[in-house]
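# Tertiary structure, described
The chain contents come next:
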Amino acid sequence: MQHSTTGPSGVFDLTSFAAVPWLQRMADSAFAVLSFVHGKYSGREYPLDSGSMIAGRSSEADLVLADDAVSRKHARFFGKRGRVWLRDLGSRNGTHVNGKPVELHCLRDGDRLLIGSNLIAVEFKALSEVSEARAGEAPRRRGGADASSGHSMAGSIEEIPLMDVLQWLATSRKTGALKVRDIQSGRIGALHLKDGLVFYAAIEGNPRLHPEKALMRMLLWEKGSFELESTELEDPKTRINMSLEHMLMEAARQQDELAALDKKHGLPKARDRVTLARRSKVRWTSLPDDQADLVQDIIELGGWKNVLDTVEADDLTLHRQLAALKKAGVVDW
C-alpha cells in the first residue's frame, strides 16, 4: 500500500509522516532553517537541504527575495561534508554573518545573516517543526515598492543585537531615530540616522556625553528593546563621523577588552564610589600625565560616573587608566 505524502498544493503533508517510517525519521532529523526575523518576510522560514540553492532577486532563484537591496543572484547555500555552507556570489551589498561580511561561511546554529534588508537567524531543527509559512516568493512580483515598507522596525536586543540592526538599517538606507531601552539600568537612548548612517547619538540624562561615546555604550547594551521612529533630528552641533564598519569593529573591540579588564580587576560600575587611597604608594607627580589627569578629574568632577560622562576619552581608555591607578595604590573602589 502506498502512502500519499503531499497535500493538494503539492508540498509535503507533515501529518502523514508518521505513516511512513523513513519520512518520520527525516522529519525528526535536524535541518538548517532560515528563520526571517525582520524584513518583508518576517515570521517566515525556509528549510535548507544538502543540495545547492540560490537566493536572490531574480525570478530564476530558488529563494526569491523581492528586495531592491538584494542582488539578482546574491548568495548560494550548499551542502558539503555533512555541513551547510553559504557563499556570497559577488553581491552589490555583500552578505553578512554575525555582523561581518563573508565570502564563504559554514552555517552554525544561532548565526545571524543579513541579505539585503532581510535579517535572518539560522536554526537547526526537525523538519516537522518548520513553519508552513515559507519565506520568499516565486515568481517575483513586479513593482517598485520597498521590500520593508509598511513594516515597523522593533524588537528585542537579546534576539537581534544592535550591531545587526544597524547593518539592516544601513542596507535599507533608513532615516529616523532608533530608540533603544536598556532594561538593566532603565536608560533610554537614541541613534539618529540619515540614509542608513548614524550621525548622532544621545542617552537621556547624560547631556555632557559625547555622541560617539553614547553610540559605543548603546552598542554594548545586551538586554532591552529597540524601535525605529520617523523622527528626524536637525543638524546637531557635534556629529558622528565614523563608517558603519568602523563603528561595529570598534564596539566589538571595546566589548572584548572591557570584559578582559573586568575579569582581571573587577571594574567598578558607573555609580560605584571610586576613592583616593589615604596613603598612596607613589607620588602623584611620578604618575604618567594621563593618569595624573584622571586623578584630578575624579577629585574635581565628584564621581566616577561624572568622569565617564564628561571626559572625552572613550570608556575603555578611562577604565584602563583607572585599573593602572589601582595597581599603583592610588585609588580604590
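As a reminder, the structure under discussion sits directly above these lines.
Residues numbered from 1 in each chain as written. Predicted model: local features only at pLDDT ≥ 70, side-chain atom pairs only at ≥ 80, totals over all residues. Heavy atoms only, no water.

## Thoughts on the sheet that holds strand 14 (residues 188-194)
Spatially, 12-16-13-14-15 is the arrangement adopted by the 5 strands of the open sheet, whose pairing is antiparallel. Each of the sheet's edge strands pairs with one partner strand only, and the pair in question is strand 12 (154-156) and strand 15 (197-203). Geometrically, the sheet is characterised by an average inter-axis angle of 15° between neighbouring strands, direction not taken into account. Examined bridge by bridge, strand 14 and strand 15 share 6 bridges and lie antiparallel to one another. Bridge pairing in strand 15 links L191 to A201. (Pairing = 2+ DSSP bridges. Helix = DSSP H or I, 4+ residues; strand = E, 2+ residues; numbered from the N terminus. Axes fitted to C-alpha atoms, helices over the stretch in contact; angles between N-to-C directions.)

## A few points about the layout of surface pockets
Of the volumes computed, that of the largest pocket is approximately 1000 Å³. For the largest pocket, the lining is made up of 27 residues, of which R187, W221, K269, A270 and H319 are closest to its centre. Elements with a minimum of two residues in the lining of the largest pocket: helix 3 (211-219), helix 4 (244-265), helix 6 (304-310) and helix 7 (315-327). Among the elements that take part in the lining of the largest pocket, helix 4 stands out by supplying 5 residues, more than any other. A per-class count over the lining of the largest pocket returns 9 nonpolar, 7 polar and 11 charged. (1 Å grid on protein atoms, 1.4 Å probe; cavity = no way out; pocket = protein on both sides within 12 Å on 5 of 7 lines; lining within 4 Å. Points joined across faces, edges and corners; volume = space filled by probe spheres on them. Nonpolar A, V, L, I, M, F, W, Y, C, P; charged D, E, K, R; others polar.)

## Observations regarding the pairing of strand 10 (residues 112-115)
Pairing between strand 7 (residues 95-97) and strand 10: 3 bridges, direction antiparallel. Residue pairing for strand 10: V97 is matched across the bridge by L113. Bridge count between strand 10 and strand 11 (residues 118-126): 4 bridges; the pairing is antiparallel. What sits directly across from R112, in strand 11, is A121. Taken together, strand 10 and the strand that follows it, strand 11, pair antiparallel across an intervening segment of 2 residues, in which G116 is found at a positive phi of about 65°.

## A short note on the packing of helix 5 (residues 289-301) against helix 7
Direction vectors running N to C along helix 5 and helix 7 enclose 95°, while the axes themselves pass 10 Å from each other. Regarding the angle of helix 5 to helix 7, the classification is roughly perpendicular. In this structure, helix 5 contributes D290, Q291, L294, V295 and I298 to the contact, and helix 7 contributes L318, Q321, L322, A324 and L325. Looking at the contact of helix 5 with helix 7 residue by residue, the class counts come to 7 nonpolar, 2 polar and 1 charged. (Parallel < 35°, antiparallel > 145°, perpendicular 65-115°, else oblique. Contact = heavy atoms within 4.5 Å.)

## Quick word on the nonpolar core
Counting residues in hydrophobic clusters, the biggest one holds 33 residues, and the most contacted among them are L166, L169, L178, M218 and F226. Counting residues per element, the ones that place at least two in this core are helix 2 (162-172), strand 13 (176-182), strand 14, strand 15, helix 3, strand 16 (224-229) and helix 4. A total of 6 residues in this core trace back to one element, the largest contributor, which is helix 2. For L178, the contacting residues outside a window of four places in its chain are L162, V165, L166, L169, G189, A190, L191, L193, F226, E227 and L228. With 24 residues, the next largest nonpolar core counts M53, A55, L63 and V102 among its residues. (Core = buried A, V, L, I, M, F, W, Y, C linked by side-chain atoms within 4.5 Å. Buried < 20%, exposed > 50% of the residue type's maximum accessible area, 1.4 Å probe, protein only.)

## Looking at the side chain of D67
If you trace the backbone, D67 turns up in the loop between strand 4 (63-64) and strand 5 (75-80). Of the buried charged residues, D67 lacks a salt bridge, with R92 as the closest side chain of opposite charge at 7.6 Å. Side-chain polar atoms of D67 contact the side chain of S117, separated by 2.5 Å. (Lys, Arg positive; Asp, Glu negative; His and termini not counted. Salt bridge = Lys/Arg side-chain N within 4 Å of Asp/Glu carboxyl O. Polar contact = N/O pair within 3.5 Å; in protein donor to acceptor, adjacent residues only side chain to side chain.)

## With respect to empty space enclosed by the protein
A complete count under the given rule lists 1 cavity of 30 Å³ or more for this structure. There is about 40 Å³ of room inside the largest cavity. Lining the largest cavity are L166, G196, L197, V198, M242, L244 and M247. For the lining of the largest cavity, the elements supplying multiple residues, two or more each, are strand 15 and helix 4.

## Some points on the packing of helix 3 against helix 4
In the contact formed by helix 3 and helix 4, the axes pass within 9 Å of each other and the chain directions differ by 65°. Classified by the interaxial angle, the pair formed by helix 3 and helix 4 is roughly perpendicular. Crossing hand, helix 3 versus helix 4: right-handed. Together, L215, M216 and L219 of helix 3 and M247, E250, A251 and Q254 of helix 4 make up the contact between the two elements. (Left-handed = near helix turned anticlockwise from the far one by under 90°.)

## Describing the environment of I203
Relative to the helices and strands, I203 resides in strand 15. The buried category is assigned to I203, whose relative accessible area is 5%. Each C-alpha atom, one on I203 and one on V180, is 9.1 Å from the other, the two residues being 23 residues apart in sequence. Leaving out residues up to four positions away in the same chain, I203 has contacts with R187, I188, G189, L209, A214, R217, M218 and W221.

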